[in-house]
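Here is what each chain is made of, one letter per residue.
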Amino acid sequence: MNLEHIKKTDPVVAEQIELELKRQQETIELIASENCTSLAVMEAAGSVLTNKYAEGKPHKRYYNGCEHIDVIEEICQKRACELFGMDHANVQPHSGAQANMAVFMATMKPGDRVLSMDLSNGGHLSHGSPVNFSGMYFDVKSYGINEYGEIDYEDVRKMALEHKPKLIICGASNYSKIIDFKKFREIADEVGALLLADIAHIAGLVAAGLHPSPAPYCDFVTTTTHKSLRGPRGGIIMCKEEYAQAIDKAVFPGMQGGPLEHIIAAKAVALLEASKPEFKDYAAQIIKNAKALAQGLMDEGLDIVGGMTENHLMTLDLRKTGKTGKDMANVLEVVGITANKNTVPNDPQSPFVTSGIRLGTPAVTTRGFKEEDMTEVAKIIAGAIYASDNEQALKNLRERSMKLCKKHPLYAE
Ligand SMILES: *Cc1c(COP(=O)(O)O)cnc(C)c1O
């Protein structure tokens, strides 16, 4: 990676970037929401497009000199619509949370009611958490998951009938089963609600046709571009044609200023990459790897919330080991595995401590990890949890994880 100029002007930041590269190269990244973009995506994100103001939409800008920006943003919109099968795309949201905020703004007034998944059951902050804008300004009712780690659609239906929400949100940050968008549509229709699918986590799987698409059923689809979709850090909103204007107005001038056109270019590159046959193979391997990891962990005697995963992630349930998510996420870091603590359903621990660890395979799959590597990762994880106080054992496990990192180099060119 070329840091020639920054090394001269700002060696302090340059050094940290180099150290971060080394950290990424030498650790096994199991944070389910992370990935490693292509160098092509990074070149777009690091390009001269960062210099350009382009408030407005293609061909309707508030600034001059947007002829190339317009081409890029239109290509990005077109690729998003084609890949996900939606009528309209706004590719300007700076992040997934802002994409959701724009849908709230386009569809509701403060105080209106939303039905969404509870944060501690796998939902997202921006779906109505009391500490987020969504929970502060809207009336939020939430559904959860049952003891099998699944959404109880009959429960969602009952809540919808009781609370008559204006907007129903499906999609999650920590849900390991296939989401039935058709069932959500039926529920939304029964109560006259709008339906938003937030596919931030599963976008890469949806793009590859390996998770059912929300397109036939949802009024709005939001996503991040940096998770399984493997693009730059950012968000996209897609919707039916009838909501296009309201969405565009909500993004700008509603809540954002100038779009990040360098990131939009990188989104365009990532969307092209995601439309290729190689990406289908990649997404299929993400799922195979997640299943191999879940099986490996269960073979080691550990519990997974809801048992076998159906997508790219799972939550390790540590309750029977007597250990906490917080401590074990730290122990995993010692053995060279990055993951995050997470609550499990009915967690006896606080959200800061937790009894779970969320694990996902998009990033390691990008590096080339295969099923047999995931089995080894499962053994390293189990070994670290069972021997969390044994320094020598942890050291040996660190060597094994380093071996896997060396076997599958990252950004080696
Ligand atoms: C990650 C995530 C988001 C938010 O994305 P940011 O880019 O971090 O704002 C929104 N919704 C879901 C379901 C997510 O998993």
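Note: the structure precedes this text.
Residues numbered from 1 in each chain as written. Predicted model: local features only at pLDDT ≥ 70, side-chain atom pairs only at ≥ 80, totals over all residues. Heavy atoms only, no water.

Colleague: Explain the overall build of the protein residue by residue, including any values.
Modeller: From N to C terminus, the protein includes 16 helices and 15 strands. Against the globule reference of 22 Å for 413 residues, the protein gives a C-alpha radius of gyration of 21 Å, in line with a compact fold. In terms of principal-axis extent, the alpha carbons of the protein reach across some 65 × 60 × 35 Å. Out of the 413 residues belonging to the protein, those deemed buried represent 55%. In the protein, once contacts between residues fewer than 6 apart in sequence are set aside, the share between residues at least 24 apart is 72%. In the structure as shown, the protein presents an accessible area of about 17900 Å², 53% of it carried by carbon and sulfur atoms. Once the 46 positive and 54 negative side-chain charges of the protein are each reduced to a mean point, those two points are 0 Å apart. (Helix = DSSP H or I, 4+ residues; strand = E, 2+ residues; numbered from the N terminus. Rg over C-alpha atoms; globule rule 2.2 N^0.38 Å. Buried < 20%, exposed > 50% of the residue type's maximum accessible area, 1.4 Å probe, protein only. Contact = heavy atoms within 4.5 Å. Areas by Shrake-Rupley, 256 points an atom, 1.4 Å probe, with all protein chains shown as cover. Lys, Arg positive; Asp, Glu negative; His and termini not counted. Charge placed at Lys NZ, Arg CZ, Asp CG, Glu CD.)

Colleague: Hey, could you go over helix 15 (residues 371–386) for me, with residue numbers and the actual values?
Modeller: The end-to-end C-alpha separation of helix 15 is 23 Å, in line with the 22 Å expected for 16 residues at 1.5 Å each. Regarding helix 15, the residues found buried are Asp-373, Met-374, Val-377, Ala-378, Ile-380, Ile-381, Ala-382, Ala-384 and Ile-385. (Expected span 1.5 Å × (residues − 1).)

Colleague: Just give me the short version of the state of the cysteines, but keep the residues and values in it.
Modeller: Taken as a whole and assessed by the stated rule, the structure comprises zero disulfides. Cys-239 carries a free sulfur, and the closest cysteine sulfur to it, the one in Cys-81, is 8.4 Å from it. Its sulfur unpaired, Cys-405 is 11 Å from the next cysteine sulfur, which belongs to Cys-36. (Disulfide = S-S within 2.5 Å.)

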